[in-house]
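Examining the three-dimensional arrangement
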Amino acid sequence: MMKTGSFLAATLLAASALCGTAHAQTAAAPPPPPAGASAYVNAPVAAPVAAPVNHSGRCGIFETCASTKIGLGKGDFMVRLSGVGVLPQDRDSKVSLNGQRLPGAHISTTNQAMPELTLEYFFTDNLSLDLIATSTRHEVAGHGGALGAKTDVGSAWVLPPTLTVAWHFRPHKRFNPYVGLGANLTWFHNMHGANGLKLNSGFTGGPSVNVGFDYQIVGNWFFNADVKQIFMRMHAWAQDPAETVRIRAHESLDPTVVSAGIAYRF
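Values in this document were obtained by computation on a predicted structure and should not be read as measured data.

Topic: the pairing of strand S8 (residues 151-159)
As paired strands, strand S7 (residues 136-143) and S8 are joined by 7 bridges and run antiparallel to one another. Note that in S8 the partner of glycine 142 across the bridge is threonine 151. Two strands pair when backbone bridges link them, and S8 and strand S10 (residues 175-193) are joined in this way by 5 bridges, in the antiparallel orientation. Bridging across to S10, leucine 159 finds its partner in tryptophan 187.

Put into structure tokens, the structure is as follows:
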């Protein structure tokens, strides 16, 4: 019995020794690479270098930067250059010859397109005041009644400065629609009568209403579209050099003024 126990103990010790030897062989360091072979080393990856920050505070004229104010508001001053179309409506004509009314006769003036300059200042975020200035040349003709199919009267330049108070609905937003109410004073100048006629006209003016919008494109640059309806009457007269023929005309011009252009905010 003792011999059997001693044999079992010896067997267990031998098995334990064999397992320890196998574990030591498994955990041993791998053999060195053969001569001439390349060795690879895992190195930490460097963090990307941040771009240098510009601390000058400058923003390009065609850039929208963090310092660029979005939309329009109190204290902004705008200068706008637009293309404008002036479309007279020619309503309610009254024409007389030597004091006698000519039934069926009426006056017409041609449409015209020219550049337009607008200055605008914002007194509050919603309220602005703007002044438009342009001058357009129009041909004038008489039609109907004793004037026949068409009688050339002449041409005239029109200077219609208009002052408008506008209410802007979306201050400090890129898209900012508005409505306005204004007053117009029109001066006719450089008038030339046809067929030797002397052509003249007086000052006129009237109220105006308008709708439009501004849209911020980039930086301080804005796109503007605007439609104005101006209500005015023209009082004009023409006479021959001998002053024996005198024609008077009263005309409700009521021009529709359509414009679109680019503005810069200061």
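A look at the nonpolar core
Core analysis: the biggest nonpolar cluster contains 22 residues, and Val95, Ile107, Phe188 and Met234 have the highest contact counts within it. In contact with methionine 234, other than residues within four places in its own chain, are Ile107, Phe188, Ser201, Ala249, His250, Glu251 and Leu253. By size, the runner-up hydrophobic cluster in this structure holds 5 residues, among which are Leu72, Met78, Phe122 and Phe222.

Here's the deal with the pairing of strand S12 (residues 204-218)
Pairing between S10 and S12: 12 bridges, direction antiparallel. Among the inter-strand pairings, leucine 181 is bridged to a residue of S12, identified as valine 209. Hairpin connection of S12 to strand S13 (residues 221-230): 2 residues between the antiparallel strands, including glycine 219 at a positive phi of 55 degrees.

Some thoughts on the packing of aromatic side chains
Going through the model one piece at a time under the given rule, you end up with 6 aromatic pairs. Here the aromatic rings of phenylalanine 175 and phenylalanine 213 are separated by 5.4 Å at their centres, their planes lie at 45 degrees, and the arrangement is tilted. Placement of the pair is phenylalanine 175 in strand S10 and phenylalanine 213 in strand S12, with a sequence separation of 38 residues. For phenylalanine 175, a relative accessible area of 38% puts it in the partly exposed group. Aromatic side chains tyrosine 264 and phenylalanine 266 sit 5.0 Å apart centroid to centroid with 75 degrees between the ring planes, which places their arrangement in the edge-to-face category. Residue classification places tyrosine 264 among the buried positions, given a relative accessible area of 19%. One aromatic cluster is present, formed by Phe77, Trp221, Tyr264 and Phe266 through successive ring pairs.

Each value, and the rule that gives it
Residues numbered from 1 in each chain as written. Predicted model: local features only at pLDDT ≥ 70, side-chain atom pairs only at ≥ 80, totals over all residues. Heavy atoms only, no water. Pairing = 2+ DSSP bridges. Helix = DSSP H or I, 4+ residues; strand = E, 2+ residues; numbered from the N terminus. Core = buried A, V, L, I, M, F, W, Y, C linked by side-chain atoms within 4.5 Å. Buried < 20%, exposed > 50% of the residue type's maximum accessible area, 1.4 Å probe, protein only. Contact = heavy atoms within 4.5 Å. Phe/Tyr/Trp six-rings, centres within 6.5 Å; stacked < 30°, edge-to-face > 60°.

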